Amino acid sequence: MFIVGITVFIIAFGDHTNRTNFKIYSANKQQCVTIITQGKMRYFINGEYNSVPKTEYVKIDKSGIPLIGDEIGICWKNENYEWEIVNHQGEIIENKLDTLKYKFYTSWEKDKYGIPNTKKYIKPNCGTIGLLNMKTYGETIILEN
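Residues numbered from 1 in each chain as written. Predicted model: local features only at pLDDT ≥ 70, side-chain atom pairs only at ≥ 80, totals over all residues. Heavy atoms only, no water.

Opposite charge on two side chains allows them to pair when their charged atoms are near. Applying the stated criterion across every chain yields a total of 6 salt bridges. Salt-bridge contacts for arginine 42 lead to aspartate 70; the nearest nitrogen and oxygen are separated by 2.8 Å. Of the two residues, arginine 42 is situated in strand S3 (residues 41-46) and aspartate 70 in the loop between strand S4 (57-61) and strand S5 (71-76); the sequence distance between them amounts to 28 residues. For aspartate 70, a relative accessible area of 6% translates into the label buried. The network of salt bridges with common partners includes Glu84, Glu109 and Lys120. (Salt bridge = Lys/Arg side-chain N within 4 Å of Asp/Glu carboxyl O. Helix = DSSP H or I, 4+ residues; strand = E, 2+ residues; numbered from the N terminus. Buried < 20%, exposed > 50% of the residue type's maximum accessible area, 1.4 Å probe, protein only.)

What follows covers the confidence of the model for the protein. In this model, the protein carries an average pLDDT of 87, and 87% of its residues clear a pLDDT of 70 or more. Across residues 2-17, where pLDDT falls below 50, the model places 5 contacts with residues more than four positions away in sequence or in other chains. (pLDDT = per-residue confidence, 0-100. Contact = heavy atoms within 4.5 Å.)

Below, the structure written as structure tokens:
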């Protein structure tokens, strides 16, 4: 009975959020980035995918990213790129994107005191996602998993 009770509790109150395979869309759903995490590797894939393709992705090592600080910032269709993404403290292992169209960063921009901040991603066509709670910050991105 004890094991059944614990199982029911975990099912009822556990965190069922999918942090390993989800999609980020622009507000008009014209653009999509799929994020797939496999162990310590995370793939940012241009477009809608259920598995990692042979091209159109950035592969990062996420082992240096603390869970509490795991956040993604994205801006859609700015003056230079189709999208720009940051995942602070990741390490790029492989980039198979068209770097003239898509930009990936491993550090937030820093203020005049050298402190990283999300200011760039708090403007129109931009937003951030906290992966600890899978919550979006900004009205211009849609999260689906």
